[in-house]
Number of protein chains: 2
Amino acid sequence: MEQPTVYLLSCGDELLFGHTVDTNSAWLAEQCTLLGWRIVGHRTVGDVTPEIIAALIEAANRADAVIVTGGLGPTLDDRTRQALAHAMGVGLREDPEALAEIQAMFKRFNRPMAEANRVQALIPDGAERIVNPNGTAPGILATLQGAKVFCMPGVPREMREMFKQSALPVLKGTEGAAHEVMRRLHLCGRGESDIGSAIRHLMGERSNPEVGTAVAEAIVTVRLYAKGDSRAEAEKAAHKAETDIRKVLGNDIFGVDGETLAGNVVKLLKERGASLVTAESCTGGMLSSLIVDVPGASAVFRQGVTAYANQAKTALLGVPPETLEKYGAVSRETVSAMAEGLLRRGGFDRQAYCLATTGVAGPDGGSPEKPVGTVWIACSRLDANGEGLTRSMRHNSVADRRAIRGRASNTALDLLRRTIMRHQSNYPVEESHWKRD
Amino acid sequence: MEQPTVYLLSCGDELLFGHTVDTNSAWLAEQCTLLGWRIVGHRTVGDVTPEIIAALIEAANRADAVIVTGGLGPTLDDRTRQALAHAMGVGLREDPEALAEIQAMFKRFNRPMAEANRVQALIPDGAERIVNPNGTAPGILATLQGAKVFCMPGVPREMREMFKQSALPVLKGTEGAAHEVMRRLHLCGRGESDIGSAIRHLMGERSNPEVGTAVAEAIVTVRLYAKGDSRAEAEKAAHKAETDIRKVLGNDIFGVDGETLAGNVVKLLKERGASLVTAESCTGGMLSSLIVDVPGASAVFRQGVTAYANQAKTALLGVPPETLEKYGAVSRETVSAMAEGLLRRGGFDRQAYCLATTGVAGPDGGSPEKPVGTVWIACSRLDANGEGLTRSMRHNSVADRRAIRGRASNTALDLLRRTIMRHQSNYPVEESHWKRD
């Protein structure tokens, strides 16, 4: 039984010319892979009807299913529905239910419906409308040269919901879908090549499971992709490889399958009834934003301070001006004073942690001793009895402003995780004890 | 004279299976388009040598240049250099200069070089090494079936620098490169279909310039893509269309060609010698992070407070507990009190602005009157003479937690921009005056 194949087609000049990054293909590829379908290709075409028609026909010839995203919007440069009708050799009809849905959607937002939105109710003859619970553009399900063609909006949120409700059930039941299991292990605080060397004995080409690594914002992901004649077999292979990897990487692994470092930290703090505050300089709120991004973060996260100016470090965090003068804003002494200062201020009735960052994000402001990319990070803990512990470290990265801030934010979260878990860090970390007066 | 063509090939299981989003193709597509090259395709292949070989050969047949990203790393799943050598029918040799560069790079970070990194010095016979100023993996420039093949690392920062230094000069000089000009106009505070209707008379298929729209995080981008027999002609066509669009959209446009809203706001505040602080709840530092992301933000940005818990809103921002009780944390009264409260505290010697946000980011916490996606935004200005002005508005969006926070952050920055520029907002905005006691 042949493994069914799927081809991903992204439509839009904004993608072809690179104004917009295509995030849909990655998401769809992962979904289809997990459903046991084989991805035969990703392709991007612009808003030119003949090119969309040609791409649709090529895709339909190469795969059992084609997933098209984009080009269903209300503006004149949205041409997917016309192209599909042409490729099918049929005309477009206005679908009354689709029109009713679009009108209802505008009512929900109580906005008047622009006349332009009416075209979104057009569907090729013989095709079905796919309901869009989250937007105005309905999707289209058609058959082209024996291939199932799903047309969905380019807006990721609308596309994802539509995929789950309409495409997934169709793809899931398909005969011949392989038994494949994917597993991702996430780490922070070690380099990718370092990790690659540590597990190279598991990374042979065409091994089962296939093992690969990727890195983003200081987080390394080790990927297992296991195949088997049955799901149980695939899971067994994945489990064995995960066990082998955990033997080597152990406590460096903070989460699996997309779990975020912030999500992990929020969970650990919740379990311990501890609370968290942040005192940021160069990361400028990015750290607190990562934490607040976790649903339910309010259970542990109290407040964050971005003390960008030195004056603010003193006024909001009680950093002594002498410390700033003597050691500079980017120093172990200052970052420790920031973390301890905020803990000294807040009236905490229970164990509380503070993460602090201060560094040189660039492009200017670097010096030989403190080049651009130098970030000092502190994690301080204040126990209910007034005992304080501060762990501080220096992190260096060669990157642009945003990446330096992103890597520092994740490294800070990892320092907090290791402090809570009492795990060793791979960086030299200095510990100091203090008391709340 | 045929317009030269380029094919973009992204290598990596992490891309094919969708673990990582391919941002390189978008960036490269834009660069090549601006150099007058025609993009014939984007394609993604996994870490399987025969598939990379086949894709390289197909790409070399279809285009004058092939830009390959990824698969040059130190781990065993990096297979681009082997695949290229095979496609060329040659062997791999260790390039001594490449090896020296890799060793020097590790010295720079003073880390020991993992033995694994040695493979990064391998280059196909007859190919040239491309220097990598920002990482360990050198690039490769080869010729395959008459097509120029550039292999570059997948790490965006390394790839971009390498492209600018090595590929761009080669592509730039090419005969037949079309004369094309791209222009992007960025807006916030209006819906995409609304804007599409307003300029639909300019959006005909195959018109010159071609005009399209795209939206991300509440920012709508109108794209002009103009062709001409000469560069001057293309620029003339783009300029005319831009003028027509500005006639219709006027003050809604905040920037062009990738300028960010935060960057625009920082510039406006600098020009006026004004300073900025932020008081965030649901955006949780995302707003201050967008501002700090602007190089030189320190000239205007003083401090940011994320008052996530109600208690913090009172303690850090002086929001009266009665206000929180009577109107709730998500209300015009609370968001105004947050903005004014922070301005009342900070000793500002000159005009200062405060942006405040409070809302329901979900997934829980919604109610019929305040559904998930409801965010109250305030922009308050305190003049040197103690006169205060607060402008507040409600923003609703149907999206996930991160998108709700991102849209609210951009909408807040746009409210600040319109307040500084004294421009009308498309949202109902309420104004109130206050005095610093």
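Above: the structure in question.
Everything numeric in this text was worked out from a predicted model, so none of it was measured.

About the thresholds
Residues numbered from 1 in each chain as written. Chains lettered and ligands numbered in written order. Predicted model: local features only at pLDDT ≥ 70, side-chain atom pairs only at ≥ 80, totals over all residues. Heavy atoms only, no water. Least-squares fit on C-alpha atoms with pLDDT ≥ 70 in both. Contact = heavy atoms within 4.5 Å. Helix = DSSP H or I, 4+ residues; strand = E, 2+ residues; numbered from the N terminus. Pairing = 2+ DSSP bridges. Axes fitted to C-alpha atoms, helices over the stretch in contact; angles between N-to-C directions. Buried area = accessible area lost by both parts, 1.4 Å probe. Salt bridge = Lys/Arg side-chain N within 4 Å of Asp/Glu carboxyl O. Polar contact = N/O pair within 3.5 Å; in protein donor to acceptor, adjacent residues only side chain to side chain. Nonpolar A, V, L, I, M, F, W, Y, C, P; charged D, E, K, R; others polar.

## Details of the relation of the copies chain B and chain A
Right, on to step 1. Laying chain B over chain A is done by rotating through 180 degrees and shifting 0.0 Å along the axis; what remains is an RMSD of 0.1 Å. A rotation of that kind, with that shift, is consistent with a two-fold axis. Rotation axis and chain B: the residue whose C-alpha lies nearest the axis is Gly285 of chain B, separated from it by 2.0 Å.
Right, on to step 2. Both copies contact each other with a shared surface, as 100% of the interface residues of chain B are interface residues in chain A too.

## As for the environment of Ala238 of chain A
Right, on to step 1. On the secondary structure map, Ala238 of chain A appears in helix α8 (residues 231-249).
Right, on to step 2. In sequence terms Ala238 of chain A and Val211 of chain A are 27 residues apart; their C-alpha atoms lie 9.9 Å from each other.

## Examining the sheet that holds strand β8 (residues 147-152) of chain B
Residue and element names in this part refer to chain B.
Right, on to step 1. With mixed pairing, six strands are arranged side by side in an open sheet as β2-β1-β3-β8-β7-β6. What marks the edges here is a single partner per strand, and that holds for β2 (38-45) and β6 (128-130). Here the strands of the sheet are splayed against their neighbours by 20 degrees on average, with no regard to which way each runs.
Right, on to step 2. Helix α4 (residues 80-88) contacts β1 (5-11), β3 (65-69), β7 (139-144) and β8 of the sheet and is inclined by roughly 20 degrees relative to β7.
Right, on to step 3. Relative to the sheet, helix α6 (residues 156-172) contacts β3, β6, β7 and β8, its axis offset from that of β8 by approximately 165 degrees.

## Quick notes on the environment of Ile195 of chain B
Residue and element names in this part refer to chain B.
Right, on to step 1. Structurally, Ile195 is set in helix α7 (residues 192-198).
Right, on to step 2. Along the sequence, Ile195 and Val222 sit 27 residues apart, while their C-alpha atoms lie 8.7 Å from each other.
Right, on to step 3. Apart from the residues within four sequence positions on either side, Ile195 is in contact with Leu187, Arg190, Val220, Val222 and Leu249.

## So, the packing of helix α11 (residues 310-317) of chain A against helix α13 (residues 332-345) of chain A
Right, on to step 1. At a minimum axis separation of 9 Å, α11 of chain A and α13 of chain A run at an interaxial angle of 35 degrees. Residues Lys313, Thr314, Ala315, Leu316 and Leu317 of chain A of α11 of chain A form the contact with α13 of chain A, whose participating residues are Thr334, Ala337, Met338, Gly341, Leu342 and Arg345 of chain A.

## Digging into the interface of chain B and chain A
Right, on to step 1. Taken together, the contact between chain B and chain A spans 84 residues of the former and 85 residues of the latter.
Right, on to step 2. Approximately 6900 Å² of surface area, both sides summed, lies buried where chain B meets chain A, with 53% of it carried by carbon and sulfur atoms.
Right, on to step 3. Of all residues in chain B, the largest losses of buried area upon contact with chain A belong to Phe17, His19 and Asp293 of chain B, amounting jointly to 9% of the total for that side.
Right, on to step 4. Across the contact surface, chain B and chain A share four salt bridges.
Right, on to step 5. Our count for the contact surface shared by chain B and chain A stands at 26 residue pairs in polar contact (both at pLDDT 80 or more).
Right, on to step 6. With seven residues, strand β14 (residues 301-307) of chain B is the largest single contributor of residues to the side of chain B that touches chain A.
Right, on to step 7. Taken together, the residues of the side of chain B that touches chain A sort by class into 35 nonpolar, 26 polar and 23 charged.

What is shown is where atoms sit, not what they do.
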